[in-house]
Amino acid sequence: RSGSSTSRRVRSTSTGIRRLDDIVSNGFLTNYLNALDYNHMIFLQTDVDNFKAKYGTKLDEATRSGSVAPCFQIFDVYLDRLEERNILVQKVLKQEFDFSEDDSFVVARNKEPWPKDDLDAAKLWRQRIKYELLQARLAKEKPEETIGLISRRYIRLEKTMKELERGDILQLYLTSLAHTYDPHSDYMSPQEATNFDIQHISLSLTGIGAQLIWDDGYTKIKDLIPGGPAAISKQLRPGDKIVAVAQGSGEPVDVIEMPLNKVVEMIRGKKGTEVRLTLVPAKNPDSKKTISLVRDEIKFKEQFAKARVYDFSDD
């Protein structure tokens, strides 16, 4: 993995030195569009055509000059289209569906064309929502709960993408460039590089010793690391939801619907400092409690490299 993907040329075992040229530029653009809209459901074909005309053979020049303007210009169009799709989804969810009529929907659409216009997009999204409702119906889930779940899913997607920081967007963009040379190489933002170091190099961090997951807008405790402050305190359990985080005596910050990586950043900190968590206990979801923990160094011992030597005799 690489922390920089803007070099003019890279080495390739199959083709020698591959230049950053118009061919790479086109692949770079295609990778970025697919990174944003893998199933070809958000952009219109006219958007894609405009991007190719404007940037198809220009991203190499922009990259060499240090400009990342195309990254954010394309992303702004993506956000506009995503908002339109979400509005459409909320309307479609209020419609009636006839599940007895013949219909079809291609789930994996990454090889399919983008919708050619708004009318085509509306038809495509109606089929997708119908497919999702049918899945829930076959699983014997309650229709009202399914509609609410689908509605929240796309509202959350739009909200999450609109809250992405510039560094996160740039990571998608430069990873798209790296993939034109090697599909297994990614660009890492400083935050991702730090996480990579924690998980694969230093195998340690300073925090509370809790593994967290993101579940329908909430940061939940997945597991506790033995010997960490969270486990020693006996105040947290798997399934508990973290709804607010405060530093020392500071005011609590609401973290409901906050991206998981942002919550993790708030909980990590300097060894010996206090962090206060407001929790919704898994065993009593109608209540809340606030606990105080002192951060400490956490070692990921289970990830340490291990070796054994076995001696065998000829007997």
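Everything here concerns the structure above.
Residues numbered from 1 in each chain as written. Predicted model: local features only at pLDDT ≥ 70, side-chain atom pairs only at ≥ 80, totals over all residues. Heavy atoms only, no water.

A cluster of basic residues, Lys234, Arg237, Lys283 and Lys289, forms a positive patch on the protein surface. Secondary-structure assignment places Lys234 in the loop between α9 (229-233) and β6 (241-247). In this structure Lys234 comes out as exposed when scored by relative accessible area, which is 65%. (Patch = residues over 30% accessible without salt bridge, like charges linked within 9 Å, V, L, I, M, F, W, Y side chains within 5 Å. Areas by Shrake-Rupley, 256 points an atom, 1.4 Å probe, with all protein chains shown as cover. Salt bridge = Lys/Arg side-chain N within 4 Å of Asp/Glu carboxyl O. Lys, Arg positive; Asp, Glu negative; His and termini not counted. Charge placed at Lys NZ, Arg CZ, Asp CG, Glu CD. Helix = DSSP H or I, 4+ residues; strand = E, 2+ residues; numbered from the N terminus. Buried < 20%, exposed > 50% of the residue type's maximum accessible area, 1.4 Å probe, protein only.)

Quick look at the side chain of Asp240 now. Residue placement: Asp240 occurs in the loop between α9 and β6. There is no salt bridge for the buried Asp240, and the closest opposite charge comes from Lys289, which lies 5.2 Å off by N-O distance. With residues up to four places along the chain from it excluded, the contact list for Asp240 reads Thr219, Lys220, Ile221, Gln235, Leu279, Val280, Pro281 and Ala282. (Contact = heavy atoms within 4.5 Å.)

Looking at the second largest pocket, its volume works out to about 300 Å³. Along the walls of the second largest pocket sit 14 residues, with Phe99, Leu133, Arg137, Pro143 and Ile147 positioned nearest its centre. Looking at the lining of the second largest pocket, the elements that each hand over two or more residues are α5 (118-138) and α6 (143-162). For the lining of the second largest pocket, a count of residues per class yields 7 nonpolar, 2 polar and 5 charged. (1 Å grid on protein atoms, 1.4 Å probe; cavity = no way out; pocket = protein on both sides within 12 Å on 5 of 7 lines; lining within 4 Å. Points joined across faces, edges and corners; volume = space filled by probe spheres on them. Nonpolar A, V, L, I, M, F, W, Y, C, P; charged D, E, K, R; others polar.)

On to the packing of aromatic side chains, then. Applying the stated criterion to the full structure yields 9 aromatic pairs. With 5.4 Å between their ring centres and 80° between their planes, Phe43 and Phe51 make a pair best called edge-to-face. For the residue pair Phe43 and Phe51, the accessibility class agrees, reading buried in each case. By way of ring pairs, the aromatic residues Phe43, Phe51, Tyr55, Phe75 and Tyr78 are connected into one cluster. One Lys or Arg, Arg166, reaches over the ring of Phe72 and ends 3.9 Å from the middle of that ring. Lying over the aromatic face of Tyr218, Lys241 brings its terminal NZ or CZ to 4.3 Å of the ring centre. (Phe/Tyr/Trp six-rings, centres within 6.5 Å; stacked < 30°, edge-to-face > 60°. Lys NZ or Arg CZ within 6 Å of the ring centre and 35° of its normal.)

According to the stated counting rule, one finds 14 salt bridges in the structure shown. For Lys130, the salt bridge is made with Asp103, and the minimal N-O distance between the two is 3.5 Å. Taken together, the residues span a long stretch of sequence, with Lys130 in helix α5 and Asp103 in the loop between α4 (69-92) and α5 at a distance of 27 residues. Salt-bridge contacts for Lys271 lead to Asp296; the nearest nitrogen and oxygen are separated by 3.8 Å. Separated by 25 residues along the polypeptide, Lys271 in the loop between α10 (260-267) and β8 (274-280) and Asp296 in strand β10 (residues 296-299) bring together distant segments of the chain. Residue classification places Lys271 among the exposed positions, given a relative accessible area of 51%.

Let us now look at helix α1 (residues 22-36). Working note: α-helix, 3.6 residues per turn, so residues spaced by three or four point in the same direction. In this model α1 runs 21 Å from its N-terminal to its C-terminal C-alpha over 15 residues, within 8% of the 21 Å that 1.5 Å per residue would give. Listed as buried for α1 are Val24, Ser25, Phe28, Leu29, Tyr32, Leu33 and Leu36. The backbone nitrogen of Ile23 lies 3.2 Å from a side-chain oxygen of the residue at the head of α1, namely Asp21. (Expected span 1.5 Å × (residues − 1). Polar contact = N/O pair within 3.5 Å; in protein donor to acceptor, adjacent residues only side chain to side chain.)

A few words now on the nonpolar core. Where a protein is soluble and globular, its nonpolar side chains tend to be buried together. Counting 41 residues, the largest nonpolar core has Tyr32, Leu33, Phe43, Ile74, Phe75, Tyr78 and Ile129 as its most contacted members. For this core, the secondary-structure elements that each account for two or more residues are α1, α2 (45-55), α4, α5, α6 and α7 (166-181). In terms of residues, this core owes the most to one element, α4, which gives 10 residues. Excluding anything up to four places from it in sequence, Phe75 contacts Tyr32, Leu36, Met161, Leu164 and Ile169. In this structure, Ile208, Ile221, Met258 and Leu293 belong to the second largest nonpolar core, which totals 18 residues. (Core = buried A, V, L, I, M, F, W, Y, C linked by side-chain atoms within 4.5 Å.)

Geometric descriptors of this kind do not, in isolation, establish any biological role.
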